[in-house]
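The primary structure of each chain is shown beneath.
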Amino acid sequence: MGVAKEVGFTTMGDVKDPLVDIPTVGFGMLGYAFMGKAHSNGLKKLPYMMYPPPAVPVLVNIAGRTERAVAAAAKRFGFKRYCTDWKDLVADEEVQVLDNGAPNNLHAEPTIAAAEAGKHVVCEKPLGRTPKESKAMWQAAREAGVKHMACFNYRFVPAVIQARRLVKDGALGEIFHFRARYGQEWIVDPKFPRVWRLDKSVAGSGALGDLGAHIVDLARFIIGEPVAVNGLLKTFIKARPLPDAPSKTGPVDVDDAFVALFEFQSGAIGTMEASRFSTGRKNFNTFEINGSKGSIAFNLERLNELEVYLADTQPAEANGWRTVLVTESFHPYWENWWPHGHIIGWEHTFVHEFHHFLDCLINGKDISPQGATFEDGYRCDVILEAIANSSAEGGARVKIEY
Ligand SMILES: NC(=O)c1ccc[n+]([C@@H]2O[C@H](COP(=O)([O-])OP(=O)(O)OC[C@H]3O[C@@H](n4cnc5c(N)ncnc54)[C@H](O)[C@@H]3O)[C@@H](O)[C@H]2O)c1
């Protein structure tokens with residue numbers, strides 16, 4: 001457990017190893033929209049905030065479908081060049097890491113091709129549309145001997161790492177419950193178009209793979225493997241306007257929401273649910289863990305805070321839930337940022353994630369357990385499929401087997 005050493009007010013101008021020799025690593029980015037922007041931002045911030053970095057990421061090449069748009073993205077984010085065919089990223093000799101931020105139907109083929117070409121591979125979640133797809137990705141990366149990381153960036157929120165430490169160090173005692181709820185509201189309006197996230201052939205699933213993947217991964221990260229699940233999937237709106245022809249509609253063949261009951265290897269039980277119909281909830285990624293000695297609760301919308309209850313707090317009159325601001329220099333990743341209390345945001349999880357990736361790549365460390373490997377991505381997809389299979393069988397208990 002941490003001990004306060006520095007509050008940060010006097011360390012901002014520190015000169016650390018000014019003459020250190022820092023290697024470079026070339027990145028090729030697939031996709032330039034939401035994740036393309038978040039990843040580029042993370043890679044750019046990393047070398048000066050996490051100084052000295054294990055390597056300086058070089059933004060070499062970015063791929064997208066539309067030349068005009070990808071050219072603009074290359075200029076905006078600072079990539080040396082752009083292309084309209086992902087195969088050019090794989091063929092680019094200066095690209096050492098393929099960073100895949102494309103829709104889910106474009107995760108497997110480019111990532112496998114890159115691994116087979118000897119590139120290290122980073123890929124957004126859900127790793128595959130099915131466990132079969134993510135297993136093939138994991139096998140290709142393993143056989144090629146390249147580093148592989150699935151982008152479960154919420155593993156890199158300081159408060160989440162702190163929560164995991166409290167559980168692993170036994171501060172909460174025996175764990176009884178893990179409850180996670182991930183609510184967003186952005187498709188409640190029936191006029192919202194049928195974007196790729198609502199098309200099974202592209203996305204694989206709906207709220208399940210989009211939001212459920214994150215909370216399933218957090219459950220595995222913090223309290224361990226689930227062994228069985230009962231699930232229920234629901235699609236509230238079954239047809240929506242087509243993005244390119246709004247007077248016509250197309251079918252929605254993915255879930256809008258799911259709920260699931262879990263039993264964990266440790267004996268704990270849990271619930272997880274996710275929905276894009278949680279009216280009023282913006283990015284309400286939350287969990288609560290209850291143990292014999294205490295509890296913790298987290299809400300991504302207040303990501304610098306961890307709610308903690310420790311049963312043996314003295315004096316008893318002061319006992320109760322407390323809000324811990326996870327911004328002390330001994331908190332995970334914090335010494336790279338600001339004086340305590342000068343909070344960080346969602347985008348900084350990508351700085352931490354890529355720092356971890358480069359540290360593992362350059363210094364021969366393992367991506368796991370802090371980061372998610374492609375094996376973790378595959379295991380997550382197995383669990384998501386088990387939830388869907390259970391729902392298809394009327395909520396029957398389905399064993400989770402890898
Ligand atoms: N970790 C997270 O918090 C998080 C958040 C959002 C999305 N994601 C994941 O990131 C991935 C991308 O999601 P997004 O929100 O960035 O999607 P998006 O729709 O915003 O962007 C997708 C990008 O892929 C590009 N693209 C699509 N087809 C292509 C093709 N054939 N060739 C080249 N480029 C192509 C598009 O032009 C666009 O730039 C998904 O797997 C999603 O699940 C993760």
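Every chain begins its residue count from 1, and numbering advances along the sequence as written. Thresholds applied to this predicted model are a pLDDT of at least 70 for local features of residues and 80 or more for the giving and counting of side-chain atom pairs; totals over whole chains, interfaces and linings are not thresholded and use all residues. Hydrogens and water molecules were not included; the side-chain quantities draw on all heavy atoms of the structure.

Strands are runs of DSSP state E lasting at least two residues, helices are runs of H or I lasting at least four, and both sets are numbered from the N terminus onward. Mapped onto the secondary structure, Glu353 falls in helix α9 (residues 348-363). Relative accessibility decides the category of a residue: with a 1.4 Å probe and only protein chains considered, values under 20% of the type maximum give buried, values over 50% give exposed, and everything between is partly exposed. Counted as positive: Lys and Arg. Counted as negative: Asp and Glu, with His and the chain ends omitted from the count. Any Lys or Arg side-chain nitrogen located within 4 Å of an Asp or Glu carboxyl oxygen qualifies as a salt bridge. No salt bridge is formed by the buried Glu353; its nearest oppositely charged neighbour, Arg155, is found at 7.9 Å. When checking whether two residues touch, look at their non-hydrogen atoms; a contact exists if any pair is within 4.5 Å. Dropping the residues within four chain positions of it, Glu353 is found in contact with Met149, Ala150, Cys151, Phe152, Asn153 and Phe156.

We define the nonpolar core as a collection of buried residues of types Ala, Val, Leu, Ile, Met, Phe, Trp, Tyr and Cys that are connected through side-chain atoms lying within 4.5 Å of one another. Ranked by size, the top nonpolar core spans 104 residues in total, and within it Met272, Phe287 and Ile289 carry the most contacts. The element that contributes the greatest number of residues to this core is helix α8 (residues 207-222), accounting for 9 residues. Excluding anything up to four places from it in sequence, Met272 contacts Phe178, Ala180, Ile215, Val216, Ala219, Phe258, Val259, Ala260, Phe262 and Phe264.

Two rings belonging to Phe, Tyr or Trp (six-membered ring only in the last case) form a pair when the distance between their centres is within 6.5 Å. Interplanar angles under 30 degrees mark stacking, angles over 60 mark edge-to-face geometry, and anything in between is tilted. Under the criterion given, the structure shown has 14 aromatic pairs. A ring pair is formed by Phe236 and Phe277, whose centres lie 4.9 Å apart and whose planes are at 50°; its orientation type is tilted. Pair noted here: Phe236 is in the loop between β8 (226-234) and β9 (239-242) and Phe277 is in the loop between β12 (269-275) and β13 (284-291), with a separation of 41 residues, a long-range link. Judged by centre distance (6.2 Å) and plane angle (40°), the ring pair of Tyr309 and Trp321 falls under tilted. Linking Tyr309 in strand β15 (residues 305-310) with Trp321 in the loop between β15 and β16 (322-325), this pair joins segments that are 12 residues apart in sequence. What makes Tyr309 partly exposed here is its relative accessible area of 26%. We classify Trp321 as partly exposed; its relative accessible area is 43%.

In a regular helix each residue adds 1.5 Å, so 16 residues correspond to 22 Å; α8 covers 21 Å between its end C-alpha atoms and thus fits that length. At Ala213, α8 shows its largest kink, close to 40°. Across the 16 residues that make up α8, a large majority, 16, are buried. Trailing α8 by a residue or two, Gly224 shows a phi angle of about 110°, which is positive. By this rule, a helix spans an expected 1.5 Å times one less than how many residues it contains. The angle between axes fitted to the seven-residue stretch ending at a residue and the seven-residue stretch beginning at it gives the bend at that residue.

This next bit is on the environment of Trp346. Relative to the helices and strands, Trp346 is located in the loop between β16 and α9. By relative accessible area, Trp346 is classed as partly exposed at 23%. In sequence terms Trp346 and Tyr51 are 295 residues apart; their C-alpha atoms lie 20 Å from each other.

A molecule or strand has a residue near it when one of that residue's heavy atoms lies within 4 Å. Near the ligand lie 23 residues; those nearest to it are Met35, Asn104, Lys125, Asn153 and Arg197. Here a polar contact is taken to be a pair of N or O atoms separated by no more than 3.5 Å, where protein atoms must pair a possible hydrogen donor with a possible acceptor and residues adjacent in sequence count only if both atoms sit in side chains. Between the ligand and Met35 there is a distance of 2.8 Å, counted from an oxygen atom to a backbone nitrogen or oxygen. Taking Arg197, its side chain carries an N or O atom lying 2.6 Å from an oxygen atom of the ligand. Computed with a 1.4 Å probe, the accessible areas rest on the Shrake-Rupley method; for each residue, only the protein chains presented here act as cover. Contact with the protein chains removes 87% of the 850 Å² of surface that the ligand exposes when unbound. Gly counts as polar in this scheme, as do all residues outside two lists: the nonpolar Ala, Val, Leu, Ile, Met, Phe, Trp, Tyr, Cys and Pro, and the charged Asp, Glu, Lys and Arg. Here the residues of the shell around the ligand are counted per class, giving 12 nonpolar, 7 polar and 4 charged.

The analysis is restricted to geometry; functional conclusions fall outside its scope.
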